[in-house]
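Commentary on secondary and tertiary structure
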Amino acid sequence: MRHPEDAGQLIRSTVPAPDAPTIAQARRELAERLREGGSESAALEARVLMEAVAGERDPDPFGRLDPDATARLEAFAARRLSGEPVFRIIGEREFWGLPFALSKATLEPRPDSETLVEAALDCIGDRRQEPFSVLDLGTGTGCLLISVLSECRAATGLGVDLSPDACETAQHNAVVNSVSERVSFVQGSWTTALDRRFDLILSNPPYIPTAEIATLDVSVRDHDPMLALDGGADGLAPYRIFARTLPDVLAPQGIVVLEIGAGQEQDVIALMTQGGFAWRGSRRDLGGHPRALIFGYALK
């Protein structure tokens, strides 16, 4: 039987030990471990993981982590050293200056995809404050659609994804980013069962050729959903579907903005042209590669 003076032994202390390393020291040590593990951005990753553990941005560098926080940081370090992406570990990533929660059913939003948002907003031009409708095919986290709606306060949107879990994640992100009253998400396969037309269609479809998936970095291959990666034998399967089906859901003066992978620009332009679309231009990503292709109806 335990005596009253033993009660404290049943509770884990959350008070930092006097000799515990400071936050700055723990962050430096973590960065060094990540660097030795092969990370090319170890300092940034250590900062992001430390802020997630501390629960705040730019925590006091002279503060000390309590035992629970130290254990969480160690668990994060082990996951990162095993190849899990840092933003998967913390469960959230910023895109277009907005926070987006991640799930196992969604791709991790990446800066290069912001090229699609830029292209879409350029095409919308002076219509930003006017009502118009947006369709996002393969919405994932909803990052493309939600980012456009955040800039266009009178626009409404629909996101479609084959994964119901992805739709749930996107709906959560819409709430967090204050656009939930102007957007909805439905589980479905591309444009199947859609019976209306949209002024702007966005998509970042799976475009990795099936045989190349095994050669991808472990951070992508083992942590991004296969459903969002596999674009068929040549990586072009979704674009063939788009060329055939988007004319049924695009408004007469509408615009389509599609993300593509490396070396796919001419093939996708050819497919969409065969479907009755006119190529309106390309936008390059941060690395200078064609990333977003813009299409409208061909003039008759």
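Rules behind the numbers
Chains are numbered independently. Their residues run from 1 in the order of the written sequence. Where local features are concerned, this predicted model is filtered to residues with pLDDT of at least 70; where side-chain atom pairs are given and counted, the filter is 80 or more; whole-chain, interface and lining totals use all residues. Side-chain metrics rest on all non-hydrogen atoms present in the structure, leaving aside hydrogens and water. Where helices and strands are cited, they refer to DSSP runs of H or I of at least four residues and of E of at least two residues respectively, numbered from the N terminus. Relative accessibility decides the category of a residue: with a 1.4 Å probe and only protein chains considered, values under 20% of the type maximum give buried, values over 50% give exposed, and everything between is partly exposed. Any two residues having at least one pair of non-hydrogen atoms within 4.5 Å are treated as being in contact. Reported accessibility uses the Shrake-Rupley method at a 1.4 Å probe radius. Residues are deemed covered only where the shown protein chains occlude them. Under the convention used here, Asp and Glu are negative, Lys and Arg are positive, and both His and the chain ends fall outside the count. For the purpose of locating charges, the reference atoms are NZ of Lys, CZ of Arg, CG of Asp and CD of Glu. The salt bridge definition used is simple: a Lys or Arg side-chain nitrogen within 4 Å of an Asp or Glu carboxyl oxygen. Within 3.5 Å is the distance limit for a polar contact, defined as a pair of N or O atoms, with the added protein rule that one can donate a hydrogen and the other accept it, and that residues adjacent in sequence qualify only through two side-chain atoms. Under the pairing criterion, centres of Phe, Tyr and Trp rings, with the six-membered ring standing for Trp, must be within 6.5 Å; the plane angle then separates stacked pairs below 30 degrees from edge-to-face pairs above 60, leaving the rest tilted. You can read pLDDT as the predictor saying how much it trusts each residue, on a scale of 0 to 100. For every element, the axis is a line fit to its C-alpha atoms; helices are fit only across the contacting stretch, and the angle between N-to-C directions ranges from 0 to 180 degrees. By convention the crossing between two helices is left-handed if the near helix lies anticlockwise of the far one by an angle smaller than a right angle, and right-handed if it lies clockwise. Residues were grouped as follows: Ala, Val, Leu, Ile, Met, Phe, Trp, Tyr, Cys and Pro as nonpolar; Asp, Glu, Lys and Arg as charged; and all remaining residues, including Gly, as polar. Should DSSP find at least two bridges between two strands, the strands are regarded as paired.

The number of helices and strands found in the protein chain is 10 helices and nine strands. Overall, the C-alpha framework of the protein chain stretches about 85 × 40 × 40 Å when taken along its three principal axes. Each of the 300 residues in the protein chain was classed as buried or not, and the buried ones make up 48%. Of all intrachain contacts in the protein chain linking residues separated by at least 6 positions in sequence, the fraction that spans at least 24 positions is 66%. Of the roughly 15400 Å² of accessible surface on the protein chain, 52% is carried by carbon and sulfur atoms. Computed over 30 positive and 44 negative side-chain charges, the separation of the two mean positions in the protein chain equals 3 Å.

Once that is clear, we can look at the pattern of salt bridges. All told, the structure shown has 17 salt bridges when counted by the stated rule. Close ionic contact of Glu74 with Arg33 constitutes a salt bridge, the shortest N to O distance being 2.9 Å. Taken together, the residues span a long stretch of sequence, with Glu74 in helix 3 (residues 67–81) and Arg33 in helix 1 (residues 23–36) at a distance of 41 residues. In this structure Glu74 comes out as partly exposed when scored by relative accessible area, which is 41%. In this structure, Glu84 engages Arg79 in a salt bridge whose closest nitrogen and oxygen atoms are separated by 2.8 Å. Exposure remark for Arg79: the relative accessible area of 31% places this residue in the partly exposed category.

Before going further, it helps to spend a moment on the environment of Ser39. Mapped onto the elements, Ser39 comes out in the loop between helix 1 and helix 2 (42–54). Classification of Ser39 by relative accessible area gives buried; the value is 15%. For the pair Ser39 and Arg240, spaced 201 residues apart in sequence, the C-alpha separation works out to 37 Å. Setting aside chain neighbours within four positions, we find Ser39 in contact with Leu34 and Glu45. Engagement of the side chain of Ser39 in a polar contact is seen with the backbone nitrogen of Ser41, the distance being 3.2 Å.

Among all residues except glycine, the phi angle is most often negative; among peptide bonds, the trans geometry is most common. Phi is positive for Trp96, close to 55°, though the residue is something other than glycine. Along the chain, the position of Trp96 falls in the loop between strand 1 (92–95) and strand 2 (98–101). Non-glycine residue Ala193 carries a positive phi angle of around 75°. With respect to the helices and strands, Ala193 occurs in the loop between strand 5 (183–187) and strand 6 (198–203). The class for Ala193 is exposed, based on a relative accessible area of 76%.

Glancing now at the packing of aromatic side chains. For the structure shown, the criterion picks out four aromatic pairs. Aromatic side chains Phe95 and Phe100 sit 6.2 Å apart centroid to centroid with 80° between the ring planes, which places their arrangement in the edge-to-face category. Taken together, the ring pairs in this structure connect Trp190, Tyr239 and Phe242 into an aromatic cluster.

Here the focus is the environment of Val176. Position of Val176 among the secondary structure elements: in helix 7 (residues 164–176). Judged by relative accessible area, which is 41%, Val176 ranks as partly exposed. Spatially, the C-alpha atom of Val176 lies 22 Å from that of Thr115, the residues being 61 residues apart in sequence.

Counting all residues, the mean pLDDT for the protein chain is 92, and 93% of those residues have values of 70 or more. A low-confidence stretch, residues 1–13 stays under pLDDT 50, and its non-local contacts, those more than four residues away or across chains, total four contacts.

Moving on, we come to the environment of Asp217. With respect to the element layout, Asp217 can be found in the loop between strand 6 and helix 8 (218–221). Residues Asp217 and Arg27, spaced 190 residues apart in sequence, show a C-alpha to C-alpha distance of 25 Å.

It is worth spelling out the packing of helix 2 against helix 3 at this point. Relative orientation of the contacting elements helix 2 and helix 3 amounts to 145°, with a least axis distance of 10 Å. Between helix 2 and helix 3 the crossing geometry is right-handed. In this structure, helix 2 contributes Glu45, Leu49, Met50, Ala52 and Val53 to the contact, and helix 3 contributes Ala69, Arg72, Leu73, Phe76 and Arg80. Grouping the constituent residues of the contact of helix 2 with helix 3 by class yields seven nonpolar, no polar and three charged.

Attention now goes to the pairing of strand 1. Residues Arg93 and Phe95 line the buried face of strand 1, whereas the alternating positions Glu92 and Glu94 sit on a face that is not buried. Inspection of the sheet shows strand 1 paired to strand 2 by four bridges, in the antiparallel sense. Residue pairing across strands places Phe95 opposite Leu98, the latter belonging to strand 2. Here strand 1 hands over to strand 2 after two residues, with Trp96 in that stretch at a positive phi of 55°.

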